[in-house]
Amino acid sequence: MDPRLANLDKVISFSLMGFVCFSFFSISLTQISCGIGGLAWMAKCYLSKSWGKQTLPIKIPFLLFALACLVAVADAVDIQDSYKSLKRLLEILIFFWAVNCIENEEMRERLTLLLIASATLSTFVAFYGVWRADPYSLIDARAEGTMSVYMTYAGLLMFALLIASGKLIYAPKQNKWIGFASILILGCLLLTFTRQAWLGALAGLFFLIWVRKRSLLLFMPVILVVIYFVSPSPIKQRMDSLINFNDRNLQIRLDLWQGGWLVFKDHPLTGCGFKCIDAVHQDYPDPTGNIKKLRGLHNNFVQLAVDTGLFGLIYWISIWVVYFMTLFKRLTSMQVDNAYKRDTIGSAAAVFGFLVAGFFETNFYDAEVSMLLYFLMALPFTPTRSSSKEVS
């Protein structure tokens with residue numbers, strides 16, 4: 001084997017591990033890891049002349065969405081501000097990098113375990129931060145780890161919790177430490193006080209159990225009641241607000257969505273460009289002042305409709321439709337082992353949780369969250385030792 005290729009394989013392997021480890025601690029180091037790994041991947045393809053052998057699943061929806069974003073920027077009300085967001089499209093390459101560089105089931109297992117371990121380690125930093133901020137009360141303290149925003153950290157913890165839960169549900173006797181890790185991650189997630197991430201995690205867990213064994217869903221209410229009663233009063237109050245339709249934060253979101261609808265009606269097809277709310281919000285009614293104050297619309301679907309119009313929104317939704325359809329086809333037409341099914345369902349649960357949380361937060365616009373999302377999306381498309389022969 002060409003020693004250059006062997007060295008590039010090492011760089012790719014270390015960059016994947018670095019990406020997973022740093023995802024919970026530093027966006028800069030995470031970006032550096034995937035940047036180095038991506039360059040090493042391209043260099044390997046060039047030296048081995050293997051461009052044609054690369055796997056590119058879901059490429060059509062991704063390409064159409066990227067084109068819709070380009071059109072939205074070209075027709076933006078403020079191109080100078082809008083075009084800067086196009087660099088976020090490069091994050092999509094993380095998906096294809098992981099698909100083609102995670103070479104076998106052992107590497108996939110090692111990386112997912114490393115992700116759970118990294119998330120667990122980050123909880124100690126977060127717990128210490130909460131204690132230091134308010135050692136006797138949780139009212140003014142929200143867990144955020146080393147992230148700058150607690151909502152970002154909550155989104156990352158949600159992913160880790162669902163991947164860990166997938167392993168527990170499908171292989172409870174393996175890696176028993178994951179049970180303890182899941183308790184720490186869940187506790188830290190509760191301490192973020194981030195309700196959209198709670199809802200996403202709950203939806204993802206429901207998805208996992210529904211696919212694994214529907215009868216187990218009967219235990220979910222019991223588990224939720226136990227979690228509720230063992231939680232400190234500030235968390236209980238936050239949980240209670242989930243069913244309070246007069247909650248102030250919900251009313252703010254309704255104001256934002258109504259404002260977004262007014263902007264969308266004036267730019268229905270291609271949108272008004274990324275960050276266009278900054279430029280046009282003064283042209284629309286804003287009696288509460290929430291649109292001027294927050295600018296972001298706290299909903300992926302509304303935000304994308306405003307920024308990229310129907311074209312962008314439809315193509316973005318098509319990514320997830322094709323993703324779930326492809327996974328369903330692979331699981332039903334291939335002879336797959338339990339390890340592959342475990343990682344596939346865990347990945348699907350993480351994506352499902354992300355989409356549910358995205359009804360109340362623009363988590364797709366959060367770089368730390370979206371980068372890890374693309375990585376997790378890639379897991380079902382990596383090699384498995386199971387036979388890929390279709391079942392007749």
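Residues numbered from 1 in each chain as written. Predicted model: local features only at pLDDT ≥ 70, side-chain atom pairs only at ≥ 80, totals over all residues. Heavy atoms only, no water.

**Topic: the overall build of the chain**
Here is the rule we go by: Helix numbers and strand numbers start at the N terminus; a helix is a DSSP run of H or I with at least 4 residues, a strand a run of E with at least 2. Radius of gyration here is computed from C-alpha atoms only, and the compact-globule reference equals 2.2 Å multiplied by the residue count raised to the power 0.38. Remark: exposure states derive from per-residue accessible area (1.4 Å probe, protein chains only) relative to the maximum for the residue type, with buried under 20%, exposed over 50%, and partly exposed in between.
A tally of helices and strands in the chain yields 17 helices and zero strands. On C-alpha atoms alone, the chain measures out to a radius of gyration of 21 Å, which is about the 21 Å that the 2.2 N^0.38 rule sets for 392 residues. Expressed along its principal axes, the backbone C-alpha trace of the chain runs to roughly 65 × 55 × 45 Å. Expressed as a percentage of the 392 residues in the chain, the buried residues total 51%.

**Regarding the state of the cysteines**
What counts is decided by this rule: Pairs of cysteine sulfur atoms within 2.5 Å are what we label disulfides.
Tallied over the full model, the rule gives one disulfide. The structure places no disulfide on Cys21, whose sulfur is separated from the nearest cysteine sulfur, that of Cys34, by 14 Å. Look at Cys21 and you get partly exposed, because its relative accessible area is 25%. Not engaged in a disulfide, the cysteine Cys101 finds its nearest cysteine sulfur in Cys45; these two sulfurs lie 7.2 Å apart.

**Quick look at the confidence of the model for the chain**
Applied cut-off: Every residue is assigned a pLDDT by the predictor, reflecting its confidence on a scale from 0 to 100. Any two residues having at least one pair of non-hydrogen atoms within 4.5 Å are treated as being in contact.
The predicted model of the chain averages 91 in pLDDT, with 96% of residues at 70 or higher. In this model residues 387-392 is a low-confidence stretch, pLDDT under 50, and it forms nine contacts with partners more than four residues away in sequence or in other chains.

**Things to note about unusual backbone geometry**
Peptide bonds are trans in most cases, and residues, glycine excluded, mostly fall at negative phi. Within the chain, Ile58 stands out as a residue other than glycine whose phi angle is a positive 55°. Residue position: Ile58 is located in the loop between helix 2 (27-48) and helix 3 (59-74).

**Description of the nonpolar core**
Put simply, the test is: Residues belong to a common nonpolar core when they are buried Ala, Val, Leu, Ile, Met, Phe, Trp, Tyr or Cys residues joined through side-chain atoms within 4.5 Å.
Ranked by size, the top nonpolar core spans 107 residues in total, and within it Phe95, Phe354, Phe375 and Met377 carry the most contacts. Broken down by element, the residue count for this core peaks at twelve residues, all from helix 7 (residues 150-170). Discounting residues that sit within four places of it in the chain, Phe375 has contacts with Leu16, Phe19, Val20, Ile94, Ala98, Ile102 and Leu111.

**Some points on the packing of helix 1 (residues 3-22) against helix 6 (residues 105-133)**
Here is the rule we go by: Note on geometry: axes are C-alpha line fits, over the in-contact stretch for helices, and angles between N-to-C directions span 0 to 180 degrees. For this classification, under 35 degrees means roughly parallel, over 145 means roughly antiparallel, 65 to 115 means roughly perpendicular, and everything else is oblique. Take the far helix as your reference; a near helix turned counterclockwise from it by less than a right angle gives a left-handed crossing, and one turned clockwise gives a right-handed crossing. Nonpolar residues are Ala, Val, Leu, Ile, Met, Phe, Trp, Tyr, Cys and Pro. Charged residues are Asp, Glu, Lys and Arg, and all others, Gly as well, are polar.
Contact pair helix 1 / helix 6: the axes reach a minimum separation of 8 Å and the direction vectors enclose 30°. One element, helix 1, and the other, helix 6, form an angle in the roughly parallel class. For the crossing formed where helix 1 meets helix 6, the hand is right-handed. Contacts between helix 1 and helix 6 involve Ser13, Leu16, Met17, Val20 and Cys21 on the former and, on the latter, Met107, Leu111, Leu114, Leu115 and Ser118. Across the contact of helix 1 with helix 6, the residue classes tally to eight nonpolar, two polar and no charged.

**Digging into the pattern of salt bridges**
Put simply, the rule is: Here, a salt bridge means any side-chain nitrogen of Lys or Arg that lies within 4 Å of a carboxyl oxygen of Asp or Glu.
All told, the structure shown has twelve salt bridges when counted by the stated rule. One salt bridge connects Arg342 with Asp343, and the closest N-O pair in it is separated by 3.7 Å. Judged on exposure class, the residue Arg342 and its partner Asp343 are both buried. Among the charged side chains, a network of salt bridges with common partners joins Glu105, Arg108, Glu109, Lys167, Arg342 and Asp343.

**Details of the packing of aromatic side chains**
The test is simple: Under the pairing criterion, centres of Phe, Tyr and Trp rings, with the six-membered ring standing for Trp, must be within 6.5 Å; the plane angle then separates stacked pairs below 30 degrees from edge-to-face pairs above 60, leaving the rest tilted. In this analysis the charged atom, NZ for Lys or CZ for Arg, is taken to sit over a ring once it is within 6 Å of the ring centre and within 35 degrees of the ring normal.
In total, this model carries 24 aromatic pairs according to the counting rule given. Between the aromatic rings of Phe62 and Tyr374, the centroid separation amounts to 6.1 Å while the plane-to-plane angle is 65°, which identifies the pairing as edge-to-face. Remark: Tyr374 occurs in helix 17 (residues 367-378) and Phe62 occurs in helix 3; sequence separation between them is 312 residues. Of the two residues, Phe62 and Tyr374, neither departs from the other in class, the shared state being buried. The positively charged end of Lys236 is found above the aromatic ring belonging to Tyr228, 5.7 Å away from the centroid.

**With respect to helix 9 (residues 195-212)**
Let me state the cut-off plainly: Expected span of a helix, by definition, is 1.5 Å for each gap between consecutive residues, and there is one gap fewer than residues.
In this model, helix 9 (18 residues) spans 26 Å end to end at C-alpha, consistent with the 26 Å of a helix rising 1.5 Å per residue. Buried within helix 9 are the following residues: Arg195, Gln196, Ala197, Trp198, Gly200, Ala201, Ala203, Gly204, Phe207, Leu208 and Ile209.

**Quick look at a nonpolar patch on the surface**
Keep this limit in mind: Candidates for patches are residues over 30% relative accessible area with no salt bridge; among them, like charges are joined within 9 Å and nonpolar side chains (Val, Leu, Ile, Met, Phe, Trp, Tyr) within 5 Å. In short, Shrake-Rupley with a 1.4 Å probe defines the accessible areas, and a residue's cover is counted only from the protein chains shown.
A grouping of Leu39, Met42, Tyr46, Leu47 and Trp51 is seen on the molecular surface, where their side chains present a nonpolar patch of about 550 Å² in accessible area. With respect to the helices, strands and loops of the structure, Tyr46 is situated in helix 2.

**Focus on the packing of helix 2 against helix 5 (residues 93-101)**
Their axes nearest at 10 Å, the elements helix 2 and helix 5 cross at an angle of 60°. By the criterion of interaxial angle, the relationship of helix 2 to helix 5 is oblique. Note on packing geometry: the crossing formed by helix 2 with helix 5 is left-handed. Residues Ser33, Cys34, Gly37, Gly38 and Trp41 of helix 2 form the contact with helix 5, whose participating residues are Ile94, Phe96, Trp97, Asn100 and Cys101. Among the residues making up the contact of helix 2 with helix 5, the classes are represented as six nonpolar, four polar and no charged.

**Some details on the side chain of Glu368**
Here Glu368 shows up in helix 17. Those residues in contact with Glu368 that sit more than four places away from it in its chain are Ile27, Met147, Thr152 and Leu156.

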